[in-house]
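If you want the building blocks of each chain, they are given just below.
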Amino acid sequence: MPITPTERRKLAAIMFTDIVGYSALAQRNETLALALLEEHRNLLREIFLRFGGTEIKTIGDAFLVEFQSALEAVQCGIEIQRSLAKRNHDFTGEERIELRIGIHIGDVVHREGDVYGDGVNIASRIEPLAGPGGICVSTDVERQLRSVLDVRFEKLGPAGLKNIQAPMELFRVVLPWEKQRPSIPEPKQSSRKNAIRRAVFLALALLISLGLIWFLIHHSERTPQPAANPVPKAPLAAPSAPELAGQKSVAVLPFVNLSPNKGDEYLSDGMTEELLNALAKVKGLRVPGRSSSFAFKGRNEEDIFRIVGKQLHVGTVLEGSVRKAGTKLRITAQLISVADGFHLWSETYDRETADIFAIQTDVAQRVATALQIQLLAGEKQQLARRPTDNLEAYDLYLKGRDYVTKDTEEAFRKGIASYEKAIALDPNYALAYAGLADAYGALGGVFGFVSPSETFPEAKAAALKAIELDETLAEAHVALANYKLSYEWNWEEAEREFKRALELDPNNARAYNGYGSYLQARGRFEEAVAARRHAQKLDPLSPDLTANVGYPYYYARQYDQAIACYRQAREMEPNYFWASLWLGQVLVQEGKYDEAIVEINKAVNLSGRNVRTVASLAHAYAVAGRRDEAFKLLDELKRRSAETYVAPYFVAVVLAGLGENDAVFQWLDKAYQERFPYLYLLKVEPVFAGLHSDPRFVALLKKVHLEP
């Protein structure tokens, strides 16, 4: 059927949901059925929004929802079933809400606010096969996600669907909290067949035994030797109860954006960060960092404060909302005790936008007073300090900071543009210069978006200007330290700047993390682990800071400890590609090539074929002996370099795996000319361990000011 001008065809992921047994319940107890229906709708609609779902319509107790990708749809389905499983834990019988979910990806047609087509029809037919509390997906969905999403898909086999001509392969999403299902006994075999199977089993067992003996004999020749000074093993843990006993603490939850313009969310997020940063500077008060705070964004469980208290080890929670209408602001804030939910303090501010700094100061001081913390004169002065007198510059600064949290080239460029506009309005805005330095450093840094030689000089100028305007700004010293470490390889000045930042702000997780980078590059692994564990304790729900604890273990060849860190980070954020990437790189060093390739492939897919991940996959193929596949990926990198920046360092990583040593040094020399940041890790990076005796490697170490 031709598409009329009012119609629009697109590829979309479609989700159908349905409450199990709702019709029968409505006949028995209509009042309860309606109450459960409303509760379920409120719960699901909030989750749809978090995963970018667009509600098309409700059909009785069913939802029809559209998503931009199969990944978002399945992640949303898992979160729905997780939330309902938690909710149902406290209910029995008719008061439970159990859902079936069906998901398919296919062509749909938008017409007059509704959606039609095979994509919709198939999803609606799949949903009844999901089972209570389950998720059923089509083979098209499973094919897209099998190597991307960290869940297991169980094949259900071909099914005939009503009004669908050909049988379809369907899969069940095995949810992480499901109990292990008992295995289904196979049909009995004849005695002859059993005898054959026993013989095959014994033969396989013999082969495996011989293989194991060969491995034990030869493995010591290939296994990397441990570091001369192994890093002491320590458990991965948040601060313990005895460690925190008697310490005042508050978690600042993301303030809710109630503005008519949903694009004003950067303002509510900015309010959260400003309060978090201000309170973190109060002596005697522990405030978990940004990632830990924003891990709870959008969550509205009934016992959310208890959950926050347990996960972040805090005694109180500060929450609130921001509503902006023109030049008017309404900000609410309340301080709540985790133990009993009692409001220790609350306030509503109806002010002009020009009063935003005064509101932030008042909230921070009221929180300290409510927690019976005596503010020192210097702390009061610090809390009352205005970063700028230009509200438009402040607004642009908040937008810039919001952009750079997204870790993409486009976001970094938008962040730089916002910071530069803020500086144009207020040339004395030290925080904007510090933010600009960070953004330039990230754009040309280890992400490999552009050549470092293009951006790091800009980062240096911005950091120095920030320090000139405000020598007490820890953020500026961190930015300068990262420049000294990553671009100048000026070890003495880098360490001095990191220490100055920590002196000014002992609760700065970024400073501890950066100092850990410095220490691991110097081979001071035990100190590096300590610095990065401290950063993790300051922001315990950050997957970045958790994974970063693993890096000094990796460089120290303490691979079991590194793996534990990366797996913990992935538990926090299943789609965090850095965890899969580094886990794969560790497995390469352990000689577990098949497992390594699976993990790095996940990182490649999750990152959108980021150059860094493609190079690591090519290296893994190379050392595994799959040279054709390695050369194919190497060709891909070279083709991409004609269109976009490809860091020479990553090409050298691939060539090292292939044993092309002359070419390795040619590309490392190109990386040196561009001053690519990873060169500061040359001395400890296992990928280049086979080159250490080469005079060219010794010469390169000297160029980056590392002693051989």
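Quick notes on the rules
Residues numbered from 1 in each chain as written. Predicted model: local features only at pLDDT ≥ 70, side-chain atom pairs only at ≥ 80, totals over all residues. Heavy atoms only, no water. Helix = DSSP H or I, 4+ residues; strand = E, 2+ residues; numbered from the N terminus. Buried < 20%, exposed > 50% of the residue type's maximum accessible area, 1.4 Å probe, protein only. Contact = heavy atoms within 4.5 Å. Areas by Shrake-Rupley, 256 points an atom, 1.4 Å probe, with all protein chains shown as cover. Axes fitted to C-alpha atoms, helices over the stretch in contact; angles between N-to-C directions. Parallel < 35°, antiparallel > 145°, perpendicular 65-115°, else oblique. Nonpolar A, V, L, I, M, F, W, Y, C, P; charged D, E, K, R; others polar. pLDDT = per-residue confidence, 0-100. Core = buried A, V, L, I, M, F, W, Y, C linked by side-chain atoms within 4.5 Å. Expected span 1.5 Å × (residues − 1). Pairing = 2+ DSSP bridges. Phe/Tyr/Trp six-rings, centres within 6.5 Å; stacked < 30°, edge-to-face > 60°. Lys NZ or Arg CZ within 6 Å of the ring centre and 35° of its normal. Left-handed = near helix turned anticlockwise from the far one by under 90°. Salt bridge = Lys/Arg side-chain N within 4 Å of Asp/Glu carboxyl O.

Moving on, we come to the overall build of the protein. Broken down by element type, the protein carries 29 helices and 14 strands. Burial statistics for the protein: of 708 residues in total, 52% are counted as buried. A sequence separation of at least 24 residues applies to 63% of the contacts in the protein between residues at least 6 apart. For the protein, the accessible surface area stands at approximately 33600 Å², while carbon and sulfur atoms represent 52% of it.

Two elements in contact, helix α25 (residues 611-623) and helix α27 (residues 648-658), have axes separated by 7 Å at closest approach and are oriented at 5°. With respect to their mutual orientation, α25 and α27 come out roughly parallel. Side by side, α25 and α27 meet where V611, R612, A615, A618, H619, A622 and V623 of the first sit next to F650, V653, V654, G657 and L658 of the second. Looking at the contact of α25 with α27 residue by residue, the class counts come to nine nonpolar, two polar and one charged.

To continue, consider the confidence of the model for the protein. Any segment with low pLDDT has predicted coordinates that should not be analysed in fine detail. On average, residues of the protein carry a pLDDT of 85, and 88% of them reach 70 or more. Between residues 1-5, whose pLDDT stays under 50, and residues either more than four places distant or in other chains, the model counts four contacts.

So, about the nonpolar core. L318, Y649 and F688 are the most contacted members of the largest nonpolar core, which has 168 residues in total. Broken down by element, the residue count for this core peaks at 10 residues, all from helix α15 (residues 430-443). Aside from chain neighbours lying at most four places away, what touches Y649 is L668, A671, F676, Y678, L679, E685 and F688. Core analysis: the next-biggest nonpolar cluster, separate from the first, contains 38 residues, L44, F48, V65 and F67 among them.

Quick look at the side chain of H619 now. Among the secondary structure elements, H619 is positioned in helix α25. Its relative accessible area of 7% is what places H619 among the buried residues. Those residues within four positions of H619 in sequence are excluded, and the remaining contacts are V588, V653, V654, G657 and V687.

Within the secondary structure layout, Y22 lies in helix α1 (residues 22-28). Through-space distance from the C-alpha of Y22 to that of L37 is 8.6 Å; in sequence the pair is 15 residues apart. When sequence neighbours within four positions are dropped, the list of residues in contact with Y22 reads A33, L34, L37 and D61.

Okay, helix α20 (residues 525-538) next. Over its 14 residues, α20 extends 20 Å from the first C-alpha to the last, a length consistent with the 20 Å expected when each residue adds 1.5 Å. Of the positions making up α20, those classed as buried are F525, A528, V529, A531, R532, R533, A535, Q536 and L538.

Here the focus is the side chain of D269. Counting through the fold element by element, D269 comes out in helix α8 (residues 265-280). Residue classification places D269 among the buried positions, given a relative accessible area of 6%. Apart from the residues lying within four places of it in its own chain, the contact partners of D269 are F294, K297 and D402.

Within strand β4 (residues 99-111), 11 of the 13 residues are buried, which leaves it mostly tucked inside the rest of the structure. As defined by bridge partners, strand β1 (residues 7-19) adjoins β4 across 13 bridges and the pair is classed as antiparallel. Within the sheet, the bridge partner assigned to I19 lies in β4 and is L99. When β4 meets strand β6 (residues 134-138), the two strands line up parallel, connected through four bridges. For G102, the partnering residue across the bridge sits in β6 and is C136. Strand direction decides the pairing type here: β4 and strand β5 (residues 114-116), joined by three bridges, are antiparallel. The residue of β5 that forms the bridge with R111 is D114. Linking β4 back to β5 in an antiparallel pair, the connection comprises two residues, with E112 at a positive phi of about 50°.

Attention now goes to the packing of aromatic side chains. Considering all chains together, one arrives at 27 aromatic pairs under this definition. For the ring pair F357 and Y394, a centre distance of 4.6 Å and an interplane angle of 70° mean the geometry is edge-to-face. Of the two residues, F357 sits in helix α11 (residues 356-370) while Y394 sits in helix α13 (residues 391-404), which places them 37 residues apart along the sequence. The class of F357 is buried, set by a relative accessible area of 5%. Residue Y394 is classed as buried on the basis of its relative accessible area, which comes to 3%. Taking 6.2 Å as the distance between ring centres and 40° as the angle between the ring planes, the aromatic pair formed by Y566 and W582 counts as tilted. Residue Y566 is located in helix α22 (residues 559-572), and its partner W582 is located in helix α23 (residues 577-589); the two are separated by 16 residues in the primary sequence. By way of ring pairs, the aromatic residues Y551, Y554, Y555, Y559, Y566 and W582 are connected into one cluster. For the cation-ring pair, R290 lies above F294, with the distance from its terminal atom to the ring centre recorded as 4.0 Å. Positioned over the ring face of W667 is K670, at 3.9 Å from the centre of the ring.

The contact between α8 and α11 brings their axes to 10 Å, and the two run at 45°. Relative to α11, the element α8 lies oblique. In this structure, α8 meets α11 at a crossing whose hand is right-handed. Of the residues in α11, those touching α8 at L267, M271, E274, L275 and L279 are I356, Q360, V363, A364 and V367. Looking at the contact of α8 with α11 residue by residue, the class counts come to eight nonpolar, one polar and one charged.

Within this structure, the stated rule accounts for 49 salt bridges. One salt bridge connects K328 with E352, and the closest N-O pair in it is separated by 2.6 Å. Residue K328 is located in strand β13 (residues 328-337), and its partner E352 is located in strand β14 (residues 343-352); the two are separated by 24 residues in the primary sequence. Residue class for K328 comes out partly exposed when judged on its relative accessible area of 49%. Residue classification places E352 among the partly exposed residues on the basis of a relative accessible area of 30%. With its nearest N and O atoms 3.2 Å apart, the salt bridge here joins E503 to R500. Taken together, the positions of E503 and R500, both in helix α18 (residues 491-504) and three residues apart, correspond to about one turn of that helix. Residue class for R500 comes out partly exposed when judged on its relative accessible area of 22%. In the salt-bridge network here, residues are joined through shared partners; they are E46, R50, E79 and R82.

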